[in-house]
Amino acid sequence: FDANGLPVPQAEVKIVAATTPAVNLDLKTSDDGRLILPGAPVCNSCYKINISKSGFSTERTYSLEEIANPAKADVSILKGQVSEISFAIDKLSALTIYSVQDAEHNFISFPSQNFILIGEKILGHDSNDEPVFKFEKNFTTDNTGQVIINDLEWDNYYLYLPDASAYDLCANNPLQPWVILPDKTYTATFGL
């Protein structure tokens, strides 16, 4: 499905399982966004599935070794039963972020500032029951005070300063969370 719940035709589906016989398939969804794999060998939590499409976000399953409590675990196939799993992918967006000084300094460009950008989507929880975010990355604005983030998945994003920062976050435009929809270009500013 896409962000609106509509089918994604011709999405690439990679299925790997250590079964007998082994499964290693590269397939595509139909025009209605579905893929049916009849006669799949029985296996407990061993079907690793990865969904992608050029210009789109990706989604996949995770093993217990990767994430202690995954939201989308590797799939089990039980004899005589249908196993069903859904994925959501959509077109990617771009976000340009500017760092500026506070109002006292007329919001002039403030280059080379470190920040952390975190999306709301989680992949599951770690062994301490802390969320494992799908998107959590460190960035530094360039010598003009900007950073361009291409290939950003639709989500709600929050900007944080590193614990070691000598500055405080004093402004955001627009207000957080920054709502990123598919196939769009956005601009945001944070003040220090």
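Our structure is the block above this text.
First, a word on scope: everything that follows refers to the structure included in this document. (Residues numbered from 1 in each chain as written. Predicted model: local features only at pLDDT ≥ 70, side-chain atom pairs only at ≥ 80, totals over all residues. Heavy atoms only, no water.)

Before going further, it helps to spend a moment on the pairing of strand 9 (residues 122–125). On a regular strand, each side chain points to the face opposite its neighbour's, so the side chains alternate between the two faces of the sheet. Bridge count between strand 5 (residues 69–70) and strand 9: two bridges; the pairing is antiparallel. The residue of strand 9 that forms the bridge with P70 is G124. Here strand 9 pairs with strand 10 (residues 131–133) via three bridges, running antiparallel. Residue I122 lies in a different strand from strand 10, and its bridge partner there is F133. (Pairing = 2+ DSSP bridges. Helix = DSSP H or I, 4+ residues; strand = E, 2+ residues; numbered from the N terminus.)

For the rest of this paragraph, the subject is the sheet that holds strand 15 (residues 178–180). The sheet built from four strands is open, its strands ordered 11-8-13-15 with antiparallel pairing. Each edge of the open sheet is held by one strand with a lone partner, namely strand 11 (136–140) and strand 15. For this sheet the average axis-to-axis angle between neighbouring strands, irrespective of direction, equals 30°. Direction of pairing for strand 8 (residues 114–119) relative to strand 11: antiparallel, over a ladder of five bridges. The residue bridging L117 from the neighbouring strand is K137, located in strand 11. (Axes fitted to C-alpha atoms, helices over the stretch in contact; angles between N-to-C directions.)

Attention now moves to the sheet that holds strand 12 (residues 146–152). One open sheet accounts for four strands, arranged 12-7-16-14; its pairing is mixed. Of all the strands in the sheet, the pair left with one neighbour each is strand 12 and strand 14 (171–173). When strand polarity is set aside, the average angle formed by the axes of neighbouring strands in this sheet is 20°. Here five bridges tie strand 7 (residues 93–100) to strand 12, and the two strands are oriented antiparallel to one another. Among the inter-strand pairings, Y98 is bridged to a residue of strand 12, identified as Q146.

Let us look at the state of the cysteines. One pass over the full model with this rule turns up one disulfide. Here C43 pairs with C46 through a disulfide, and the sulfurs are 1.5 Å apart. C46 carries the same exposure label as C43, and that label is buried. (Disulfide = S-S within 2.5 Å. Buried < 20%, exposed > 50% of the residue type's maximum accessible area, 1.4 Å probe, protein only.)

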